[in-house]
Amino acid sequence: MDEQHLDGNGIAGLLGEIAAAEMTTVLRTCQSCGNRRAIGEHRAYHSAGVVLRCPACDDVALVIGVQEQQLVVAWYGTYEIGR
Ligand SMILES: [Zn+2]
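In short, a report on the structure.

Criteria and thresholds
Residues numbered from 1 in each chain as written. Predicted model: local features only at pLDDT ≥ 70, side-chain atom pairs only at ≥ 80, totals over all residues. Helix = DSSP H or I, 4+ residues; strand = E, 2+ residues; numbered from the N terminus. Buried ≥ 20, exposed ≤ 12 C-beta atoms within 10 Å, placed from the backbone. Contact = placed C-beta atoms within 7 Å. Pairing = 2+ DSSP bridges. Axes fitted to C-alpha atoms, helices over the stretch in contact; angles between N-to-C directions. Core = buried A, V, L, I, M, F, W, Y, C linked by C-beta atoms within 7 Å.

Looking now at the environment of His 5. Within the secondary structure, His 5 sits in the segment before β1 (6–7). What makes His 5 partly exposed here is the crowd of 15 C-beta atoms within 10 Å. Along the primary structure His 5 and Gly 16 are separated by 11 residues, whereas in three dimensions their C-alpha atoms are 19 Å apart. Leave out the neighbours within four places in its chain, and His 5 touches Arg 43, Ala 44 and Tyr 45.

What follows concerns the sheet that holds strand β3 (residues 36–38). Taken in spatial order, the 3 strands line up as β3-β2-β8 in an open sheet, and their pairing is antiparallel. Whereas interior strands pair on both sides, the edge strands pair on one side only; in this sheet they are β3 and β8 (78–80). Pairwise comparison of adjacent strand axes, ignoring direction, gives a mean angle of 25° for this sheet. Examined bridge by bridge, strand β2 (residues 27–29) and β3 share 3 bridges and lie antiparallel to one another. Opposite Arg 28, over in β3, you have Arg 37 as the bridge partner.

Attention now goes to the pairing of strand β4 (residues 43–46). In summary, the side chains of a regular strand alternate between the two faces of the sheet. Pairing of β1 with β4, which is carried by 2 bridges, proceeds in the antiparallel orientation. Counterpart to Asp 7 in the pairing with β4 is Arg 43. Where β4 and strand β5 (residues 50–53) come together, 4 bridges link them in antiparallel fashion. Directly across from Ala 44, in β5, lies its bridge partner Leu 52.

What follows is about the nonpolar core. Core analysis: the largest hydrophobic core is formed by 12 residues, namely Ile 11, Leu 15, Met 23, Val 26, Cys 30, Ile 39, Ala 44, Val 51, Leu 52, Cys 54, Ala 61 and Leu 62. Among the secondary structure elements, those contributing two or more residues to this core are β5 and β6 (60–67). Discounting residues that sit within four places of it in the chain, Val 26 has contacts with Ala 21, Ala 38, Ile 39, Tyr 79, Glu 80 and Ile 81.

A separate point is unusual backbone geometry. The residue Asp 58 is not glycine, and still its phi comes out positive at about 70°. Note on placement: Asp 58 falls in the loop between β5 and β6. Since 13 C-beta atoms lie within 10 Å of it, Asp 58 is described here as partly exposed. For Glu 68, which is not glycine, the phi dihedral falls at a positive 45°. Inspection of the secondary structure puts Glu 68 in the loop between β6 and β7 (70–75).

Shown next, in the form of structure tokens:
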């Protein structure tokens, strides 16, 4: 894989605005491989929007995009927010 990516910390500010929470330490359980990892460990890909991917299986964890002036956010898997 040679596509450039940041880790999940790179989009923490954006995620924090959406979820109104500190996101880097939020734990996500993957819907595909069951891995439980912090958002900060996920891979963030920037193209037309932002796609966050599981660090273990590379499946999609989160999609943020703008379509016709609407912010579209899709979450996959289970997120544990607030502790
Ligand atoms: Zn996974």
